[in-house]
Structures are given as C-alpha cells and as structure tokens.
Amino acid sequence: MERLDKIISNRSGISRKDAKSAISGGKVSVNGNIIRSSDFKVGENDEIFLEGSKISGKAHLYIVLNKPKGYVSATEDPQQKTVLELVPPELFRNGIFPAGRLDKDTTGLMIITDDGDFAHRILAPKKHVPKKYAVTIDLPVTDKMETGFKNGIELSDGICKSAKLLKTGEYTCEVTLSEGRYHQIKRMFGCFGAKVTELHRLSMGGFSLPEDLPEGKCRELTEEELALIEGKVKK
Ligand code: URA
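Here is what the cut-offs are and how they apply
Residues numbered from 1 in each chain as written. Predicted model: local features only at pLDDT ≥ 70, side-chain atom pairs only at ≥ 80, totals over all residues. Heavy atoms only, no water. Buried < 20%, exposed > 50% of the residue type's maximum accessible area, 1.4 Å probe, protein only. Helix = DSSP H or I, 4+ residues; strand = E, 2+ residues; numbered from the N terminus. Arc of directions from axis to C-beta. Contact = heavy atoms within 4.5 Å. Polar contact = N/O pair within 3.5 Å; in protein donor to acceptor, adjacent residues only side chain to side chain. Domains from an automatic or database assignment. Near = heavy atom within 4 Å. Areas by Shrake-Rupley, 256 points an atom, 1.4 Å probe, with all protein chains shown as cover. Nonpolar A, V, L, I, M, F, W, Y, C, P; charged D, E, K, R; others polar.

As for helix 3 (residues 116–123)
Of the residues making up helix 3, those classed as buried are Phe 118, Ala 119 and Ile 122. All buried residues of helix 3 project into a common sector of 100° when viewed along the axis, lining one side. The inward-facing, buried residues of helix 3 abut strand 7 (62–67), strand 8 (97–98), strand 9 (107–113), strand 10 (131–137), strand 15 (196–204) and helix 6 (223–229). Residue Asp 115 occupies the N-cap position of helix 3, its side-chain oxygen lying 3.2 Å from the main-chain nitrogen of Asp 117.

Notes on the domain arrangement of the chain
Taken domain by domain, the chain holds domain 1 (2–55), domain 2 (62–124 + 206–230) and domain 3 (130–204). Each of domain 1 and domain 3 has a C-alpha centre, and these two points are 48 Å apart.

Here's the deal with the site of the ligand
The environment of the ligand is made up of Leu 102, Asp 103, Thr 106, Tyr 133, His 183, Gln 184, Ile 185, Lys 186 and Leu 199. With respect to the ligand, the backbone of His 183 contributes an N or O atom lying 3.3 Å from an oxygen atom. Between an oxygen atom of the ligand and a main-chain N or O atom of Lys 186, the distance comes to 3.1 Å. Relative to its free-state accessible area of 240 Å², the ligand is covered by the protein chains to the extent of 96%. The leading source of residues in the shell around the ligand is helix 5 (residues 184–190), at three residues. Of the residues in the shell around the ligand, the class split is four nonpolar, three polar and two charged. Here the shell around the ligand gathers at least three residues from each of two domains, domain 2 (62–124 + 206–230) and domain 3 (130–204).

In structure tokens form, the structure reads like this:
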C-alpha cells in the first residue's frame, strides 16, 4: 500500500505538490469515492481517477513501439524527434525511457518502460536475450560474412559475441545478436566493405513485433509478452 499523493505523482508525472493540491481540491477519486487526504493508502487494484482520467494501477509500464525512421532513441533531444514523442498521452508516464537504442534510421521493435531492472535484464549481454534484425546491404551476402559473424567480428571496441547470420536473399539476411553495441550491425558489415541500407528489428527474446501494430504506433505489453521477451516462457 502506498500514499495516494505519491502514487499519483509517480504514475501521472505531476509533482508531489500538485498531486496534494489536486487531492485536497476534490479532483481525485479512489474506487468511485472522492478522497481529500494525501496520506490515504492505496493498493495495486484500487481504481484511481485524476480529473476524470484513469491513472494506471500498475507499478511499472511496458510499451512496445513499432519505430519508424527519423526518431532518435532518447528521452529528450534539443533538435531531433525522440521515440517518446510517439507515446500517446494516455500511455505516457514520467520516467519512461527506451530500453535499448535503435539508430535514427532503424525501424521496428522497441520497448519503452519505466522499469530500470527490466531494461537491464533484457539488455545486459550476460542475460543472453537475443535480438533479431532484418538487414539489407549494398553487396551480396556471402558465406564469409556468415562465418565471420559466427566466429566473432573484431570491432574497435573488442571482439563481438558470436552472431547468427541467416541469408534470406541476395542482399538480405537476418542477424541475431545477444549484445547491443553502438551501430553494431552496421560496423560488423562494414568489416566486409558492405553498407547497411535497411535495418529493422524483428524480435527480442521470444517476442516478435506484432504484425498488427502499424509503424509509429505503440501499445502496452501483456504479462505473457513480457515473459516471452525474457525467455521465461516459450511460444
Ligand atoms: N545495429 C545497428 O547498427 N544499428 C541499430 O539500430 C541496431 C543494431
């Protein structure tokens, strides 16, 4: 159980002071009753409304975004559009951030959350959550690339963990990584003189980008999908 003002501030993004004045001003209801005391205790299953809008009861928020090109994976940027700008107000919550980076021109599966521990669990190389990408390059995909990726490409910041390359066409392939270094796939192909022309993240762990999620749109993840990402259940 937590104080009402604290829960409102954490989950709606307003300051603790503003939460207190909203409560004393009669703008907050819990399970249908107006509550005017900030130290009123609420739990996970209580329904809280602030000025008529429901405040999510969950401790953490997990969103899947189908990232379009042209957005940077940051919480704020003075010049460029960030992926957080694609989160609609009804889903937005203070403290959310992209769990892992995709380049500005990379598209596809991106997770946005306010749960730092979860982000660590799905991103840390030791946790081995595989990330699969569809890649198009400007040269034909070769066996040499496949072997090189498997054996570990040497980049300026060290040798990469073994990665799987599956050829899907003359210039296209799927690459599965278990780490996420800066521009990793682009730099790995760069070692073979090839330039990545299209890059799209298909999946993280056992969870694939939902086919019915249009580009630029996001939605909350289900418990089952979260477990799939972490490899706790198999599909
Ligand atoms: N590798 C890259 O080079 N860019 C991405 O956005 C993701 C993986």
